[in-house]
There are 4 protein chains.
Amino acid sequence: MRYGFLGPETTFTHQALLQALAETPEEFASAEPQLVPFASVATATTDLIAGDIDALMAPIENSVEGGVSGTLDVLAATDSITIVAEQTVQITFVLAARAATPLDQLGTITSHPHAQAQVQEWLRTQVPAADVAAASSTAAAARDLAALDAEAARGRAAVCSPLAAQHYGLEILAEGIEDHAGAITRFVLVTREGRIPARTGADKTTLAIQLPHNRAGALLEALEILSSNGVNMSRIESRPVGDFLGRYSFSIDVEGHIEDRRVAAALRSLHRLCPVVHYLGSYPRVDGGRPDIREDYADEAYDAARVWVERLSGMITPS
Amino acid sequence: MRYGFLGPETTFTHQALLQALAETPEEFASAEPQLVPFASVATATTDLIAGDIDALMAPIENSVEGGVSGTLDVLAATDSITIVAEQTVQITFVLAARAATPLDQLGTITSHPHAQAQVQEWLRTQVPAADVAAASSTAAAARDLAALDAEAARGRAAVCSPLAAQHYGLEILAEGIEDHAGAITRFVLVTREGRIPARTGADKTTLAIQLPHNRAGALLEALEILSSNGVNMSRIESRPVGDFLGRYSFSIDVEGHIEDRRVAAALRSLHRLCPVVHYLGSYPRVDGGRPDIREDYADEAYDAARVWVERLSGMITPS
Amino acid sequence: MRYGFLGPETTFTHQALLQALAETPEEFASAEPQLVPFASVATATTDLIAGDIDALMAPIENSVEGGVSGTLDVLAATDSITIVAEQTVQITFVLAARAATPLDQLGTITSHPHAQAQVQEWLRTQVPAADVAAASSTAAAARDLAALDAEAARGRAAVCSPLAAQHYGLEILAEGIEDHAGAITRFVLVTREGRIPARTGADKTTLAIQLPHNRAGALLEALEILSSNGVNMSRIESRPVGDFLGRYSFSIDVEGHIEDRRVAAALRSLHRLCPVVHYLGSYPRVDGGRPDIREDYADEAYDAARVWVERLSGMITPS
Amino acid sequence: MRYGFLGPETTFTHQALLQALAETPEEFASAEPQLVPFASVATATTDLIAGDIDALMAPIENSVEGGVSGTLDVLAATDSITIVAEQTVQITFVLAARAATPLDQLGTITSHPHAQAQVQEWLRTQVPAADVAAASSTAAAARDLAALDAEAARGRAAVCSPLAAQHYGLEILAEGIEDHAGAITRFVLVTREGRIPARTGADKTTLAIQLPHNRAGALLEALEILSSNGVNMSRIESRPVGDFLGRYSFSIDVEGHIEDRRVAAALRSLHRLCPVVHYLGSYPRVDGGRPDIREDYADEAYDAARVWVERLSGMITPS
């Protein structure tokens, strides 16, 4: 089994993939997983569909290292892939160097601009004299620092993930240096379309929809479809479609599994409303949260209603 | 075949039943219809359910002779009866006497109070000197006048339906005497539960629902169910349920037939929401009006959506 | 001060009026209230508007003695009257006679048909042999029994209110004879338009609206107006308008006072939507219940929003 | 007057600014406009708020040269700026070189990756043998080509805007080379908060809102607020807020001007619902389109409703 991830090695996406492998080792035991970094979600997806890799970990929400737009656009454009799992990673940064160095002796600090934005207050107060230089990723900042000879590395440090520091054998000068603790990025594990994981009762379903652009209020109608089936939406993001003004695709996560009658009913109604609905998978929620289902949204209520109408329909005089 | 109607003979309900028999004579040809007047919709319904009569004509909207509340309460209380047809009758009144009489020689005019209310302006201006006396129905006013001997009938007239005047051999002194022309009463033909007439494309469906009384906004939810399935409501009336404040049953007509997917879908959702849903029949609209159906509410859209979700559901890993 | 009520004396409406006078004696102290029975709500309202009486108590919900339709129709037809208070009366019946009589010696029992319907099970099991005769009201049944000479009254009893039995000096043979305990009727005290009682925080507002009949979904829109302002509806009843099919007036009670910003905002929106909106008063709830108001429906939220938009509007370039 | 734009010179944003100056020359006549390119919308906005420039043109929808996310994030983060105008630019590309060159003699073609994506089909079929190289913008591709000496420029071409080719004196080898004609980018002209342009009747209003994150269905409520005031939404885009999952800001355009009562009413309701509402301006629509306003959404309907409730409120007894 070959698993792609948005690279290079030691990105938070890499970490998310390692977490997934560690949490359910039985699923991967015989598979001898190979991990393959990719430069973009789009290229990884092409390889996935072509069969060159078997699964792909990609950021879908709030990544500090980019990639989210790419993931959303890929998910909006195809329905021949399926999300089978999600992972979240606590985003935290370390300041790492080749050797233990007092902070006031640091001259240059490298990192990815998104990461720098999240530690800028810390850098301003703790290493006010150091220059800040850009790298193409936090992982690259660490890797490049590790590749320098000892002399060239003197006075230099990288802002990177703990995994990157460890992987490249760097010394951690300070940890938890992000200005606002608690940031989390969410990742999804994507496979070729085929099997949907069984319902666990604590599930999430991901969709990409396009709305009829000639009808005012179509987004309102789509949200009412969810609401009137007791389906909570936990995420909605818009992405422009093509080059035409006012055309959007919406990437949506809802609570529940396609096996839940209420989710299936909402999907049917969305299918009627929307010119495009991509079903992108139902999978276990990483937080294990189970929605509170009102009685009239329970499977039993949908089943009883179906049976009732079928019985009545049996009384129709053949025309 | 025995047909009950809200009597006595020559009521507008009687007229509605005669209209129904005349319009579709082939349905009744071999049936040799017998027409049976009833004092109330409730007693007629008891006889209908017991099998003593085969069908029942009853007013459901805006009757000038009462009976509507009775019909609504009967329809709310049972689902072992089915509406199979509707009729409308143009409500118009005549002033009738035993013999031609100048208006200024009339001393007493009898009628049902509801009918009097509808001709009071005419009476005030045309026969200002006459006394007005109450009868238990317009039909009874005509019948009682016809039963008097010629002498006693002198100077008396009745406000009644044209049918009543004709039936009891009365002379029509003035016709179309209602203050506001154009009033219409609507009637339904009810049978024991059994067969639903085939879909014609111009159909109506009647329901009686009770809402969950512990949830604010339940009526709003019920109306959204109709709206989100493209189902127009052509009538809604509330009737109190039992003796508890704030508990209502709603009698509802919608455009469409239970065989329409959009109507069936709305019925299923109402069944989940409402503690009580009585389906009371789908039947041809007397006005032949066909609703304009938006593309996403067409049968094809519902069918395609169902097929799509079923295909996806086939991909779920057995748990 | 002259107070009308739906009579005759000792009806439950009479009792509701006595309750109101007893509960707030200070309001009526100097007024030396005179109580005037009326045969119908319509005639009492005519007298009220003409100034012959100063206030009127009328049943509005679930009266066992009729009158509710009459009240609703009067309230729908005018906005020159204002509801200033409500009362509820626990509906309970007694069996009363001129003198103590064993139940098995009763030959005839009189009452109003609505009342009989509510005690029929008790009568069937406790006085199976007695005849049941109709009176024009429970009060009339008691009054007429009291008017008989002792001999004629032997073997006769009336089903009536405790107040009627007491008023006419009858002996109570059995009390609480209603088949289902707990029935309540609600009454409103109506004055000529003029003053709206001050907000108490536990208030109710009554409206009568007509919907635009050329727009599908207008009732849904009306209910959304209430819902989107956090206004709960505690009662809705339809009444036909005129003689045209499909035209209804809706009588509505909502929780709150017109001084509540959320209620005022809802009224404004209803005024735009509806061709007819009659505001019929805001008055203290008899149960003292205070609604739970979400923060964004509080007065402060409406006031802050108004101030914000006004500030922005001040920046518009004069055109 | 100093006008910033997302540079470098000859970007489509530059072109949008030139269009604006040309269309309403009287507004700019005395102002002697100076045009200042900026590297990012964020830095330009900082300068705008600081007073270093007076206005700023920025892409807001579907730019081929990026910048949209930056604009949306800036608009979401502040309400001390105001949009006063919009512009649209038809996106079209030319292939330009230093001198007329047969296509089959081109060896290298440079452009911005977004632009390349839009002409890739044309390049693949028309200049299949050429290498494609990235520049930091289409403008930079043209500028750099112009800066080369004639020899070095031989066999090289740039994909750029017609404006860029003209500005840098390049020879146009082919025009309209985009694979899908008709792409449009939309730009807004932003000033410091201060004056809102007068209502024209064909206006647009831009908002940035954050929803209460603890309430399911808040987006649905926000859209219902617009819908129930007859306010059409012409654009909605989500942008993540901070680093927390599931928190979004929505950038919204609606049809109408804050001086329209229906827009003001919707703004008030959004202010109650949303913890953050940034009003970013009302300005003339570049397409001149006037919305069809239903009668109950007209200014007159709002004004009449306000007057009615105020009159009623005047009747409240002082508490």
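Our subject is the structure that appears above.
Anyway, here's the lowdown on the structure attached to this text. Here the structure is a predicted model, which is why all the values come from computation and not from measurement.

### Regarding the overall build of chain A
Right, so step 1: The helix and strand tally for chain A stands at 11 helices and 14 strands.
Right, so step 2: If one aligns the C-alpha atoms of chain A with their principal axes, the spans along those axes are about 90 × 50 × 35 Å.
Right, so step 3: Counting the 319 residues in chain A, one finds 54% classified as buried.
Right, so step 4: Looking at chain A alone, contacts between residues at least 24 apart form 77% of all its contacts between residues at least 6 apart.
Right, so step 5: Seen as two clouds, the 24 positive and the 41 negative side-chain charges of chain A have centres 6 Å apart.

### Notes on the interface of chain C and chain B
Right, so step 1: With 30 residues of chain C in contact, the opposing surface of chain B contributes 30 residues.
Right, so step 2: Carbon and sulfur atoms supply 58% of the area that chain C and chain B bury against each other, a total of about 2400 Å² over both sides.
Right, so step 3: The tally of links from chain C across to chain B stands at zero salt bridges.
Right, so step 4: Inspection of the chain C/chain B interface yields five residue pairs in polar contact (both at pLDDT 80 or more).
Right, so step 5: When residues of the side of chain C that touches chain B are traced back to their parent elements, those giving at least two are strand E10 (184–192), helix H9 (218–227), strand E12 (233–240) and strand E13 (248–255) of chain C.
Right, so step 6: Take the side of chain C that touches chain B: its biggest share by element is seven residues, from E12(C).
Right, so step 7: Residues of the side of chain C that touches chain B, tallied by class, amount to 13 nonpolar, 11 polar and six charged.

### Remarks on the relation of the copies chain A and chain B
Right, so step 1: Taken as rigid bodies, chain A and chain B are interconverted by a rotation of 179 degrees and an axial shift of 0.0 Å, the fit giving an RMSD of 0.1 Å. What we have between these two chains is a two-fold relation.
Right, so step 2: The fraction of interface residues of chain A whose copies in chain B are also interface residues reaches 100%, indicating that both copies meet through the same surface.

### Considerations on the pattern of salt bridges
Close approach of charged atoms allows side chains of opposite charge to pair.
Right, so step 1: Under the counting rule described, the total for this entry stands at 88 salt bridges over all chains.
Right, so step 2: Among the ionic pairs, B:Glu86 bridges to B:Lys204, the shortest N-O distance being 3.1 Å. Taken as a pair, B:Glu86 in strand E4 (residues 81–90) and B:Lys204 in strand E11 (residues 203–210) lie far apart in primary sequence, 118 residues in all. As far as burial versus exposure is concerned, B:Glu86 and B:Lys204 are alike and both buried.
Right, so step 3: Where C:Asp73 meets C:Arg239, a salt bridge forms, and the shortest distance between an N and an O atom there is 2.7 Å. Within this pair, whereas C:Asp73 is found in helix H4 (residues 68–77), its partner C:Arg239 is found in strand E12, the two being separated by 166 residues in sequence.
Right, so step 4: Note on C:Asp73: relative accessible area 33%, which makes it partly exposed.

### Some thoughts on the relation of the copies chain C and chain B
Right, so step 1: By a simple turn and slide, chain C fits onto chain B: the slide is 0.0 Å along the axis, the RMSD is 0.1 Å, and the turn is 180 degrees.
Right, so step 2: When the interface residues of chain C are mapped onto chain B, 100% of them again lie at the interface, so the same face is used by both copies.

### Considering the sheet that holds strand E12 (residues 233–240) of chain D
Residue and element names in this part refer to chain D.
Right, so step 1: Spatially, four strands are ordered E12-E13-E11-E14 in an open sheet, and the strand pairing comes out antiparallel. This sheet does not close on itself; its edge strands, each paired only once, are E12 and strand E14 (276–284). Averaged over all neighbouring strand pairs, the angle between strand axes comes to 15 degrees, with direction disregarded.
Right, so step 2: Two elements, strand E11 (residues 203–210) and E14, share seven bridges in a ladder whose sense is antiparallel. By the bridge assignment for E14, Lys 204 is matched with Tyr 283.

Parameters and conventions
Residues numbered from 1 in each chain as written. Chains lettered and ligands numbered in written order. Predicted model: local features only at pLDDT ≥ 70, side-chain atom pairs only at ≥ 80, totals over all residues. Heavy atoms only, no water. Helix = DSSP H or I, 4+ residues; strand = E, 2+ residues; numbered from the N terminus. Buried < 20%, exposed > 50% of the residue type's maximum accessible area, 1.4 Å probe, protein only. Contact = heavy atoms within 4.5 Å. Lys, Arg positive; Asp, Glu negative; His and termini not counted. Charge placed at Lys NZ, Arg CZ, Asp CG, Glu CD. Buried area = accessible area lost by both parts, 1.4 Å probe. Salt bridge = Lys/Arg side-chain N within 4 Å of Asp/Glu carboxyl O. Polar contact = N/O pair within 3.5 Å; in protein donor to acceptor, adjacent residues only side chain to side chain. Nonpolar A, V, L, I, M, F, W, Y, C, P; charged D, E, K, R; others polar. Least-squares fit on C-alpha atoms with pLDDT ≥ 70 in both. Pairing = 2+ DSSP bridges. Axes fitted to C-alpha atoms, helices over the stretch in contact; angles between N-to-C directions.

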